[in-house]
Amino acid sequence: MLLDKSVIRQTHPDYTRYLPDWLFFDQSYIGGREWITESNVFRHSRETKEDYQRRLNRFVYCNYCEAVITVFTSYIFGGEMTVERNATVQGVDEFYKDVDRQGSTISDFMQDIAIDAQVFGSVGVTVDLPQAEVEIRTGADARANNIRPYLRIYEPTAVCDWSYDANGQLNWVRLKESSRDDSDPFMRVAKEKVTYSTLSRGTWHLHNDMGGEVATGEHGLGEVPFVPIYFKKQRRKRMIGIGQLQDIARINRLLVNIISFIEEFIEMQAFPFLAAPLGIGGADEDTVISVKHIFEYPMEGNPPSYISPPTDPARFMLEMVSGFLRKEIYRIAKLESRELMEQSGIAKEYDFHQTESALGRFARNLEIGENRIMSIWAKWQGREWDNSTDYPDDFNVEPLNNALKN
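Residues numbered from 1 in each chain as written. Predicted model: local features only at pLDDT ≥ 70, side-chain atom pairs only at ≥ 80, totals over all residues. Heavy atoms only, no water.

### Here we look at the overall build of the protein chain
Quick reminder of the rule: Runs of E in the DSSP output that reach at least two residues are strands. Runs of H or I that reach at least four are helices, and both are numbered from the N terminus. Under the scheme applied here, a residue whose accessible area is under 20% of the maximum for its type counts as buried, over 50% as exposed, and between as partly exposed, the area being computed with a 1.4 Å probe on protein chains only. Note on contacts: a residue pair is in contact if any heavy atoms of the two residues lie within 4.5 Å. Each accessible area is a Shrake-Rupley estimate made with a 1.4 Å probe; only the visible protein chains count as cover when residues are assessed.
A tally of regular secondary structure across the protein chain gives eleven helices and twelve strands. Looking at the protein chain as a whole, 40% of its 406 residues are labelled buried. The long-range fraction of contacts in the protein chain, counting pairs at least 24 apart against all pairs at least 6 apart in sequence, stands at 67%. Carbon and sulfur atoms provide 50% of the accessible area of the protein chain, an area that totals close to 23800 Å².

See below:
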């Protein structure tokens, strides 16, 4: 079936609205040189273009976004509490050892899900069955040809369109993928190929970028084999989640810009310089005044003096960074750890409750998502899932707060 290319390329209004945010959150988590752009590094009103470019070259990104997400992920998957998986469904143990046909265990895969859900607010997982190139008659044939359900992660930047019914059930979802044919190391690599996968409750379709149908088929599952998993759900929008970096990424950007201004202050103003009256000591245009050179002046003359710029602006910026912005990042992430001397018992209990509540909500969302994934996995094979996956409900957050303090 040939579609108009404008139909296959259309995007959901929420996708168009949130795509710039997702790209910013992703780069804020990754960090590195690609984050340091003119849109992220602010140019102040008294800065020339040349000075700004020099500061851009010196700029260093301090990544608090990655730190917050790592703490949450490691606490759910690496703390005292562990995820319990006690399923007895046939074939589940073998599947848990390699869920994506790339050697990832179920634990590794769900940790990746946890990271992406925190970065973007939500992340999607397809539960697919590969097409067989030979006729499959028995389970042994399927195992011999590695024909079994497998999982794949789709970040929201690849989930370009979708539809829900009046009951909040997914009608269909469209996924955009880019690939290139580079299997032959001695062939010139062609332009990247863009394809669109459309999954509905009973069928699947694969189209190219021009709207031509590449392949199609039926799966008979009765539901879309796509599971969205959230860090925190939005109340008014489906498929859109609220992530850890919703506000933290912007605070982190402000923080590193102020740090850059402090670094500029040191570079341009913080070092004292010598000032001396003109003409004393036989100074001429070749005279160099520095800590490495001797400057001679007559006995009856005035010695040169050091002039230091005021440090109040730099001190204020430093207090802004350490006294407010950094603490605000941890407060928003529900990882606030106030000094015990400043904290009453009620305040400490409130902090622990906030952290434990955030961890518990996220763990429940991961548990719901994993059980839905496994339910579709079982359906592909004509079986029923027993909902046996159980994430921890209670967390001992005191060690987490101590780790943050350290």
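More follows now that the structure is in view.
### Some points on the nonpolar core
Generally speaking, soluble globular proteins have nonpolar side chains that are buried together. Selection criterion: Definition used in this section: a nonpolar core is a set of buried Ala, Val, Leu, Ile, Met, Phe, Trp, Tyr and Cys residues joined via side-chain atoms within 4.5 Å.
Of all hydrophobic cores here, the largest spans 41 residues; its most connected members are Trp 35, Trp 162, Val 173, Phe 226 and Leu 245. Here the element with the most residues in this core is helix H2 (residues 13-30); it accounts for six residues. With residues near it in sequence (within four places) discarded, Leu 245 still touches Phe 25, Tyr 29, Cys 65, Ile 69, Gln 118 and Val 119.

### As for the packing of aromatic side chains
To be explicit about the condition: Geometry of aromatic contacts follows a simple scheme: Phe, Tyr and Trp rings, the Trp one being its six-membered ring, pair when their centres are within 6.5 Å, and the pair is stacked under 30 degrees between planes, edge-to-face over 60, tilted otherwise.
Summed over the entire model, instances satisfying the criterion amount to ten aromatic pairs. Ring centres 6.1 Å apart and planes at 85 degrees place the aromatic pair Phe 77 and Tyr 391 in the edge-to-face group. Note that Phe 77 is positioned in helix H4 (residues 64-78) and Tyr 391 in the loop between strand S12 (389-390) and helix H11 (398-405), a separation of 314 residues in sequence. A relative accessible area of 16% places Phe 77 in the buried class. Looking at Tyr 391, the relative accessible area reads 1%, which means it is buried. Ring centres 4.9 Å apart and planes at 65 degrees place the aromatic pair Phe 231 and Phe 362 in the edge-to-face group. Placement of Phe 231 in the loop between strand S9 (226-230) and helix H8 (245-268) and of Phe 362 in helix H10 (residues 345-380) is noted, with a sequence separation of 131 residues between them. Of the two residues, Phe 231 and Phe 362, both sit in the buried class. Among the aromatic residues, those joined into a ring-pair cluster are Tyr 15, Tyr 18 and Trp 22.

### Regarding the environment of Pro 20
The topology assignment puts Pro 20 in helix H2. Expressed as a C-alpha distance, the spacing of Pro 20 and Thr 157, which sit 137 residues apart in the sequence, is 9.3 Å.

### Points about the environment of Val 159
With respect to the helices and strands, Val 159 occurs in strand S4 (residues 159-164). For the pair Val 159 and His 12, spaced 147 residues apart in sequence, the C-alpha separation works out to 9.1 Å. Discounting residues that sit within four places of it in the chain, Val 159 has contacts with Tyr 15, Tyr 154, Val 173, Arg 174, Leu 175 and Phe 226.

### A look at the sheet that holds S4
Under the convention used in this document: Here a strand pair is declared whenever DSSP counts at least two bridges between the two strands. Axes, fitted as lines to C-alpha atoms, cover a helix only where it is in contact. Angles between the N-to-C directions of the axes lie from 0 to 180 degrees.
The strand order across the open sheet built from five strands is S4-S5-S6-S7-S8, with neighbouring strands paired in antiparallel fashion. Every interior strand has two partners, whereas the edge strands, S4 and strand S8 (213-218), have only one. Across this sheet, the average inter-strand angle for adjacent strands is 10 degrees, counted without regard to direction. With five bridges joining them, strand S7 (residues 203-208) and S8 adopt antiparallel strand pairing. Each residue of the ladder has a partner; that of His 205, found in S8, is Thr 216.

### Brief notes about the pairing of strand S2 (residues 122-128)
Of all the seven residues making up S2, six are buried; the element is thus mostly covered by neighbouring parts of the structure. Examined bridge by bridge, S2 and S9 share five bridges and lie antiparallel to one another. Across the sheet, residue Val 125 finds its bridge partner in S9, namely Val 227. For S2 and strand S3 (residues 150-154), the ladder comprises five bridges, and the chain directions are antiparallel. Within S3, the position partnered with Val 127 by the bridge is Leu 151.

### Considering a negative patch on the surface
The test is simple: Patch membership needs two things, relative accessible area over 30% and no salt bridge, and members are linked within 9 Å if like-charged or within 5 Å if nonpolar (Val, Leu, Ile, Met, Phe, Trp, Tyr). Only one rule defines a salt bridge in this text: a Lys or Arg side-chain nitrogen within 4 Å of an Asp or Glu carboxyl oxygen. Note on charges: Lys and Arg go in the positive column, Asp and Glu in the negative column, and His and the chain ends are not counted at all. To locate a charge, take atom NZ for lysine, CZ for arginine, CG for aspartate or CD for glutamate.
Among the surface-exposed residues, Glu 84, Asp 390, Asp 393 and Asp 394 lie close enough to one another that they form a single negatively charged patch. Along the chain, Asp 390 falls in strand S12. In this structure Asp 390 comes out as partly exposed when scored by relative accessible area, which is 31%.

### Brief notes about the pairing of S9
Summarising burial for S9: five of the five residues are buried, a large majority. The alternating pattern of S9 places Phe 226, Pro 228 and Tyr 230 and Val 227 and Ile 229 on opposite faces, both of which are buried.

### As for unusual backbone geometry
Of note in this structure, Arg 101 is not a glycine but carries a positive phi near 65 degrees. On the secondary structure map, Arg 101 appears in the loop between helix H5 (92-97) and helix H6 (106-120). Of note in this structure, Asn 387 is not a glycine but carries a positive phi near 50 degrees. Relative to the elements of secondary structure, Asn 387 occurs in the loop between H10 and S12. A residue is classified by how much of its surface remains accessible, and Asn 387, at 52% relative accessible area, is exposed.

### With respect to H2
Short version of the rule: Residue count minus one, scaled by 1.5 Å, sets the expected span of a helix. In this analysis the local bend is the angle between axes fitted, respectively, to the seven residues ending at and the seven residues starting at the residue.
Across its 18 residues, H2 extends 26 Å between first and last C-alpha, which sits within 8% of the 26 Å expected from 1.5 Å per residue. Helix geometry: H2 is bent most strongly at Leu 19, by close to 40 degrees, with proline Pro 20 lying one to four residues after it. Residues of H2 that are buried include every one of Asp 14, Tyr 15, Tyr 18, Asp 21, Trp 22, Phe 24, Phe 25, Gln 27, Ser 28 and Tyr 29, and no others. Positive phi appears at Gly 31, one or two residues downstream of H2, with a value of about 70 degrees.

### Structural notes on the sheet that holds S2
Reading across the sheet, the three strands line up as S3-S2-S9 and stay open at both edges, with antiparallel pairing between neighbours. Single-partner strands in this sheet number two, and they are S3 and S9. Strand-to-strand twist across the sheet, computed as the mean angle between neighbouring axes with direction ignored, equals 25 degrees. Sheet strands in contact with H6 are S2, S3 and S9, and its direction is about 145 degrees off that of S2.

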